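# Topology and contacts: notes
Next come the chains, spelled out residue by residue.
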Amino acid sequence: MNNVRASSPKEFPLGLDASTEEEYSSQSSLLQDFTSIPTIDKAWTFTSDGEGSQGMFSISQPNLLANKKRRYILSCHISKESTDGVDFQWAAFPIEMSNVSLMIPSPSGSKLLVVRNPENDSPTKFEIWGQSLVEKEFLVPASVHGSVYSDGWFEGISWNNDETLIAYVAEEPAPSKPTFTTFGYKKENSTDKECGKWKGQGDWEEEWGETYAGKRQPALFTINVNSGEVRPVEGIGKSLSVGQVVWAPSTVGLQQYLVFVGWPSDARKLGIKYCYNRPCALYAVRAPFSKSDIHQSGTHPADNVSPIKLTQSISSAYFPRFSPDGKLLLFLSARSSVDSWAHSATGSLHRIDWSFNEKPTPDAKIIDVVPVVMCPEDGCFPGLYCYNVLSRPWISDGYTMILSSIWGSTQVIISVNVISGNVSRISLGDSSFSWNVLALDGDNIIAVCSSPVDVPAIKYGSFVRKESAEASWSWLDVSSPISRCSEKVTSLLSSRQFSIMTIPVRDISENLTKGAGKPYEAIFVSSKSQSRNVCDPLIVVLHGGPHSVSLSSFSTSLAFLSSLGYSLLIVNYRGSLGFGEEAVQSLPGKIGSQDVNDVLAAIDHVIEVGLADPSKIAVLGGSHGGFLTTHLIGQAPDKFAAAVARNPVCNLALMVGTSDIPDWCYAETFGDEGKSIFTEATSVEHLDAFYRKSPISHVSKVKTPTLVLLGAKDLRVPMSIGLQYARALKEKGVEVKVIVFPEDTHAIDRPQSDFESFLNIGVWFKKYCK
């Protein structure tokens, strides 16, 4: 007799059904194509023995299986044929840089420092590469220091001019912890030989918040390139967290100095990631290994090694850079952020005169080069919004810096004359694309240019001298294998278009500043074939911050959503960067109202001009963008067909006691008053104000199906905040889906998490908007 087996029903992964699984399969294939598009992170150029120069590009690409970024180097030979042409001869294949944390070429370009940070308590590896081989390799044990900082903020690593010493920032050595045995506490010098013992935890120490969990205090070290000897820089102490170190110019026979940025760290360490409102200053300190004579007074230079505070009269100073002749020290400042408590605001550029032959002094005169712009005239420079500076940002005249800065909804390349303070926009003025400077090749610029519908492409800029006083730049296209993507992606992107819209402010009150009443912008992405009679579904995209900005640059995730057949409305509501300081400062104290109304006005604008169907609108935002998303579905419950919130700020009353930046809650809720009333012991009155400003106060009105994406290791907007809101929606009968990523922080940017996030976003919107 044959056994009859009943066919069991097909099992689907958690949260999927048959139709959803089919959509997952279709969209994941397309998302894979977009995810594989590489990102150009950095570039360097070196003088060649023959004609032209050598270029080296650092490129990254998500490795989904390994769940980390794959980083590699692609080299090229650059030959400038004429003012009308340049030739980049690329290497046949890129070289993968496995487990590399940092790569820093020496000033001459003859050496390359490669740093490989340790896992657990293994040594940090320093490699000195020559042109054809690894010349030296040094292992620095954990007893000397931990990982070298490579985070782009505390990160600082600098060769001296003769390429014999390297200064860098690394985690200070781990402090000793108490040891216990079965007989109790074991004294340090005990002779007990018991096998059964364990390490206690010791005192808890403050950390710098989001993404710095488990990181020890950043401290300053130097390594001798010839011997491998490492010395800590003396005299700084634990009262300062250090970063962004550079070597000061020196004269033979005189003491060498290092200049670094210091953040006070003896009080409460509030979260510093994305937060420019943390006070910081430039310091000079004597460098180890330096040869110097005993002073005529009879004291040795090592007798007084305390760092000298160079910027006494300004509340913020960072990204120090010396002019090529060594006579000027330039630095950026976020004093507007520090003074107002807005976590990011309009920046400024300053200089200090530097003397080779004298000891640095704390009373140096600080000269404003580019001041804060309060309210720009239409089309004019809106102020400095610069968040990275090349290690060598100078062209050959020695006083012109090349910088990337935000200008409205675009990123542009500007030149700054550090003597006159004159600022010029040198990337194409009629371009709505975003530009970012990668490296200088003599007096030429290597940049990357992209748009929401154009993958990053390399551009080569040349200075054109004219007979008149004015000069201009010509920009050449560079054919590059880095810019290639699949035929499917190319075809989809070629069918899309974008524009930057100007949105007038509604209901201007008399007490608004001029800058706060000026129009704001939104980036609109749509199909080239879209008819005004039949509109694609619209996704409203909202950035976090709120003092941040969405740029007209390429985003793989947003390009993916656009290619699924959606129009995108990417709103830079008032309070965004790139529009002057008055616009930035108009929002604190008005979150949940002014920003919400700006988004609603932008949506109404595209509906009124026939670019959106009011019945097919979705909204997507993270962090403060999630705050807006959840506010919008509560304050305008009939306007949205679907919503997605990534690590959203839903309840300020809960966030103020759990976030690494409780000061943010005070600054954005109370405005100017927030700084003076901030306390760790929040009052009932303050908690009531936080609740009334929060999306959760509108939760009873929400109808919109909502997807909530959460990082379990988020210290900025802890996961409990999003979970509370999602549970409240479920309690009200609203359809909710929650996905938690156990190892992710606030950004949810680990490759697998990012992939799964946007795959679910695409499927969620398809379910409710198509």
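Residues numbered from 1 in each chain as written. Predicted model: local features only at pLDDT ≥ 70, side-chain atom pairs only at ≥ 80, totals over all residues. Heavy atoms only, no water.

An unreviewed UniProt entry annotates the chain as acylaminoacyl-peptidase originating from Nicotiana attenuata. Listed under Catalytic activity (unreviewed entry) in UniProt, the entry text for the chain is "Cleavage of an N-acetyl or N-formyl amino acid from the N-terminus of a polypeptide." (UniProt positions renumbered as here; feature names shortened; annotations may be inferred.)

Let us now look at the sheet that holds strand E39 (residues 736–741). Across the sheet, which stays open at both edges, the 8 strands sit in the order E32-E33-E35-E34-E36-E37-E38-E39 with mixed pairing between neighbours. In this open sheet, the two strands that pair with only one neighbour each are strand E32 (496–503) and E39. Between one strand and the next, the sheet's axes are offset by a mean angle of 15°, whatever the strand orientation. Here strand E34 (residues 538–542) pairs with strand E36 (residues 617–622) via 5 bridges, running parallel. What sits directly across from Leu-542, in E36, is Gly-621. The strands that helix H6 (residues 594–608) touches are E32, strand E33 (520–527), E34, strand E35 (567–572) and E36; relative to E32, the one it contacts most, it runs at about 120°. Relative to strand E37 (residues 642–646), helix H13 (residues 751–769) is tilted by about 165°, and along the sheet it contacts E34, E36, E37, strand E38 (706–711) and E39. (Pairing = 2+ DSSP bridges. Helix = DSSP H or I, 4+ residues; strand = E, 2+ residues; numbered from the N terminus. Axes fitted to C-alpha atoms, helices over the stretch in contact; angles between N-to-C directions. Contact = heavy atoms within 4.5 Å.)

Summarizing the sequence annotation, UniProt attributes the feature "domain: Peptidase S9 prolyl oligopeptidase catalytic" (unreviewed entry) to residues 553–769 in the numbering used throughout. Helix makes up 46% of residues 553–769 and strand 13%, and the two end C-alpha atoms of the span are 26 Å apart.

Moving on: the environment of Asp-663. Residue placement: Asp-663 occurs in helix H9 (residues 662–670). On the basis of relative accessible area, Asp-663 is assigned to the buried category, the value being 1%. Each C-alpha atom of the pair Asp-663 and Asn-760 lies 33 Å from the other, and the pair is 97 residues apart in sequence. When near neighbours in sequence (up to four residues on either side) are disregarded, Asp-663 contacts Leu-270, Asn-277, Arg-278, Trp-341 and Phe-678. Polar side-chain contacts of Asp-663 include one of 2.7 Å to the side chain of Arg-278. (Buried < 20%, exposed > 50% of the residue type's maximum accessible area, 1.4 Å probe, protein only. Polar contact = N/O pair within 3.5 Å; in protein donor to acceptor, adjacent residues only side chain to side chain.)

At a closest axis distance of 9 Å, the pairing of helix H1 (residues 18–35) and H13 adopts a crossing angle of 130°. Taken together, the axes of H1 and H13 lie oblique to each other. Read as a crossing pair, H1 and H13 show a hand that is right-handed. Counting all contacts with H1, which are made through Thr-20, Glu-23, Tyr-24, Gln-27, Ser-28, Leu-31, Gln-32 and Thr-35, the residues of H13 involved are Phe-755, Phe-758, Leu-759, Asn-760, Gly-762, Val-763 and Lys-766. The residue inventory of the contact of H1 with H13, partitioned by class, reads 6 nonpolar, 7 polar and 2 charged. (Parallel < 35°, antiparallel > 145°, perpendicular 65-115°, else oblique. Left-handed = near helix turned anticlockwise from the far one by under 90°. Nonpolar A, V, L, I, M, F, W, Y, C, P; charged D, E, K, R; others polar.)

A few words now on the pattern of salt bridges. When their charged atoms lie close together, side chains carrying opposite charge are able to pair. The final tally for this structure, using the stated rule, is 24 salt bridges. Lys-238 is the partner of Glu-205 in a salt bridge, and the nearest nitrogen-oxygen pair spans 4.0 Å. Taken together, the residues span a long stretch of sequence, with Glu-205 in the loop between strand E14 (197–199) and strand E15 (218–224) and Lys-238 in the loop between strand E16 (230–232) and strand E17 (240–247) at a distance of 33 residues. Since its relative accessible area comes to 46%, Lys-238 is described here as partly exposed. Arg-268 is paired through a salt bridge with Glu-206; the nearest N and O atoms lie 3.9 Å apart. (Salt bridge = Lys/Arg side-chain N within 4 Å of Asp/Glu carboxyl O.)

What follows covers the sheet that holds strand E23 (residues 348–353). In a beta sheet, neighbouring strands pair by backbone hydrogen bonds and run either parallel or antiparallel. Within the open sheet, the 4 strands sit side by side as E21-E22-E23-E24. Their pairing is antiparallel. Each having just a single partner strand, strand E21 (318–322) and strand E24 (366–370) make up the two edges of the open sheet. Strand-to-strand twist in this sheet, taken as the mean axis angle between neighbours without regard to direction, amounts to 30°. In this sheet, E24 lies alongside E23 in antiparallel orientation, the contact comprising 4 bridges. Counterpart to His-350 in the pairing with E24 is Asp-368.

Looking now at the pairing of strand E7 (residues 112–116). In terms of residue burial, E7 counts as a mostly covered element, since 4 of its 5 residues are buried. Here strand E6 (residues 102–105) runs beside E7; their pairing, made up of 4 bridges, is antiparallel. When the bridges of E7 are listed, Leu-102 appears paired with Val-115. The turn joining E6 and E7, which pair antiparallel and follow one another in sequence, is formed by 6 residues; a positive phi near 80° is taken by Gly-109. Pairing analysis gives 5 bridges linking E7 to strand E8 (residues 124–129), with the strands arranged antiparallel. Paired with Leu-113 across the strands is Ile-128, a residue of E8.

Further remarks concern unusual backbone geometry. Cis geometry marks the peptide bond from Gly-545 to Pro-546, where omega comes out at 5°. When you line up the elements, Pro-546 lands in the loop between E34 and helix H4 (556–563). The phi torsion at Glu-163 lies on the positive side, around 60°, for a residue other than glycine. For Glu-163, a relative accessible area of 9% gives the class buried. One non-glycine residue with positive phi stands out, namely Tyr-274, at about 65°. Assessed through its relative accessible area of 43%, Tyr-274 is described here as partly exposed.

For a regular strand, the rule is simple: side chains alternate between the two faces of the sheet. Extensive coverage of E21 is indicated by the burial of 5 of its 5 residues. Connecting the antiparallel pair E21 and strand E22 (residues 328–333) is a turn made up of 5 residues, with Gly-326 showing a positive phi of about 75°.

Let us now look at H4. Across the 8 residues that make up H4, a large majority, 7, are buried. When we look at burial in H4, the residues that qualify are Ser-557, Leu-558, Ala-559, Phe-560, Leu-561, Ser-562 and Ser-563. With its phi angle positive at about 105°, Gly-565 sits one or two positions after the end of H4.

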